[in-house]
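# An overview of the molecular structure
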Amino acid sequence: MPKDTFLNLSAPKKEKMDMILLDTFYNQSISQVKVSHIVEQMEMSRGAFYKYFVDLEDAYAYIVKKQSLLIHQDILDYIAQYKNDFFYGIEQYLVFCSHLETDSAYWKGLLLLTRADYQRTMKRLDLDDSSYMLKEWISLLCNNDFQIHETQEAISFLYFTMEVVMNSLTDFIINNWSPEELIVDYHYKIKWIIKGIK
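To keep things clear, this report deals only with the structure shown in the data block.

Thresholds applied
Residues numbered from 1 in each chain as written. Predicted model: local features only at pLDDT ≥ 70, side-chain atom pairs only at ≥ 80, totals over all residues. Heavy atoms only, no water. Helix = DSSP H or I, 4+ residues; strand = E, 2+ residues; numbered from the N terminus. Buried < 20%, exposed > 50% of the residue type's maximum accessible area, 1.4 Å probe, protein only. Patch = residues over 30% accessible without salt bridge, like charges linked within 9 Å, V, L, I, M, F, W, Y side chains within 5 Å. Areas by Shrake-Rupley, 256 points an atom, 1.4 Å probe, with all protein chains shown as cover. Salt bridge = Lys/Arg side-chain N within 4 Å of Asp/Glu carboxyl O. Phe/Tyr/Trp six-rings, centres within 6.5 Å; stacked < 30°, edge-to-face > 60°. Contact = heavy atoms within 4.5 Å. Axes fitted to C-alpha atoms, helices over the stretch in contact; angles between N-to-C directions. Parallel < 35°, antiparallel > 145°, perpendicular 65-115°, else oblique. Nonpolar A, V, L, I, M, F, W, Y, C, P; charged D, E, K, R; others polar. Core = buried A, V, L, I, M, F, W, Y, C linked by side-chain atoms within 4.5 Å.

Let's shift gears to the overall build of the protein chain. From N to C terminus, the protein chain includes ten helices and zero strands. Traced from its N-terminal end to its C-terminal end, the protein chain shows the element sequence α-α-α-α-α-α-α-α-α-α. Referenced to the eigenvectors of the C-alpha coordinate spread, the extents of the protein chain come out at roughly 60 × 40 × 25 Å. Counting all 198 residues of the protein chain, 46% fall into the buried class.

Now the structure itself:
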C-alpha cells in the first residue's frame, strides 16, 4: 500500500507517476526493474521514491491493483450495458480489447495483468448484503435468470467471471490470436458454462 505522501499528491502528479509505473512494469517482471530506473523517469531522488512506497514490490502491487480495479469495473460496465444478455456484454468487452492500439495505456494495463501474478488481483472484497456493487451484480444475475440465490455464490460467480475474461485475454495475447480467434475461443467457454460438456 502506498504511503500517505503518495496518496496525498495532486491528481496530475499521481497520474504521471501511475503512467511511469505502468510503462515500467507492463512488459517486464519485477525482478528486471530497478528503483533507479523509476526515479530517473520520475525526475526525483531515490529517497523521494521511498517516501511514496515501502519498496519496489509495494509500487508494483499498487499499479497492478489500480489496473485490476479499472479493468474489472469496465468488464462490469459492459455487462451492465447488455443487462439482459450477460455473456454478450462480456463478448463486447473482449471485442473492444482485441482492437486496442498496442501502445495505449489500456493495452499496457491488460498486458500487466495478464503477465502479473494474477492471484494478487483476485483477493476477494469483503462485500455484505448492503453493498451497492453486490446489489447491482445480483440484479444482473436475476435479469439473466441465472440460478444463483445465495450471496456467497453470487460473489464466487463474480470472481469466476473475471477469471474467464482474463483467461480469454491472456490466451489472446500469448497466442497472438486475431479478434475472430479470440471470440471463437470465448464462445467455446460460454457453451461449456451454459450447456455443460456432457
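Let's shift gears to a nonpolar patch on the surface. Together, Val184, Tyr188, Trp192 and Ile197 make up a nonpolar patch on the protein surface, roughly 460 Å² of accessible area in all. Residue position: Ile197 is located in the segment after α10 (179–195).

A side chain with one charge can pair with a side chain of the opposite charge if their charged atoms come near. This model, assessed by the stated rule, comprises four salt bridges. Across the pair Lys108 and Asp23 runs a salt bridge, and its minimum N-O distance is 2.8 Å. With Lys108 in helix α7 (residues 105–115) and Asp23 in helix α2 (residues 11–25), the pair connects residues that are 85 residues apart, well separated along the chain. Accessibility expressed as a relative area gives 14% for Lys108, which makes it buried.

Moving on, we come to the packing of aromatic side chains. Each aromatic ring pair is summarised here by two numbers: the centre-to-centre distance and the angle between the ring planes. If you walk through the whole model with that rule in mind, you get 22 aromatic pairs. Taken together, a centroid distance of 5.9 Å and an interplanar angle of 45 degrees make the contact between Phe53 and Tyr62 tilted. Accessibility assignment for this pair places Phe53 and Tyr62 in one class, buried. Aromatic side chains Phe86 and Phe157 sit 5.8 Å apart centroid to centroid with 35 degrees between the ring planes, which places their arrangement in the tilted category. With Phe86 in helix α6 (residues 86–98) and Phe157 in helix α9 (residues 151–174), the pair connects residues that are 71 residues apart, well separated along the chain. Both residues of the pair, Phe86 and Phe157, count as buried. Joined through ring pairs, the aromatic side chains of Phe6, Phe49, Tyr50, Tyr52, Phe53 and Tyr62 make up one cluster.

Right, let's get into the side chain of Thr24. By the secondary structure assignment, Thr24 is in helix α2. In this structure Thr24 comes out as buried when scored by relative accessible area, which is 2%. Apart from the residues within four sequence positions on either side, Thr24 is in contact with Val33, His37 and Ile38.

What follows concerns the environment of Cys97. When you line up the elements, Cys97 lands in helix α6. Remark: the alpha-carbon pair of Cys97 and Trp107, spanning ten residues in sequence, is separated by 7.5 Å. When residues no more than four places from it in sequence are discounted, the contact partners of Cys97 are Tyr106, Trp107, Leu110 and Leu169.

Attention now goes to the environment of Ser98. Tracing the sequence through the fold places Ser98 in helix α6. Linking Ser98 and Leu182, residues 84 residues apart in sequence, is a C-alpha distance of 7.9 Å. With near-sequence residues (within four places) excluded, Ser98 lies in contact with Phe172, Pro179 and Leu182.

The geometry of α2 relative to helix α5 (residues 56–81) is characterised by a closest axis approach of 10 Å and an angle of 100 degrees between their N-to-C directions. As judged from the angle between their axes, α2 and α5 are roughly perpendicular. Along the contact surface, α2 presents Lys14, Asp18, Leu21, Leu22 and Phe25, while α5 presents Leu56, Ala59, Tyr60, Tyr62, Ile63, Lys66 and Gln67. Among the residues forming the contact of α2 with α5, the class breakdown is eight nonpolar, one polar and three charged.

All right, on to the nonpolar core then. Within the largest apolar cluster, 63 residues are counted, with the highest numbers of intra-cluster contacts made by Phe25, Tyr93 and Trp137. The contact partners of Trp137, leaving out residues within four places of it in the chain, are Leu76, Ile79, Phe86, Ala154, Phe157, Leu158 and Thr161.

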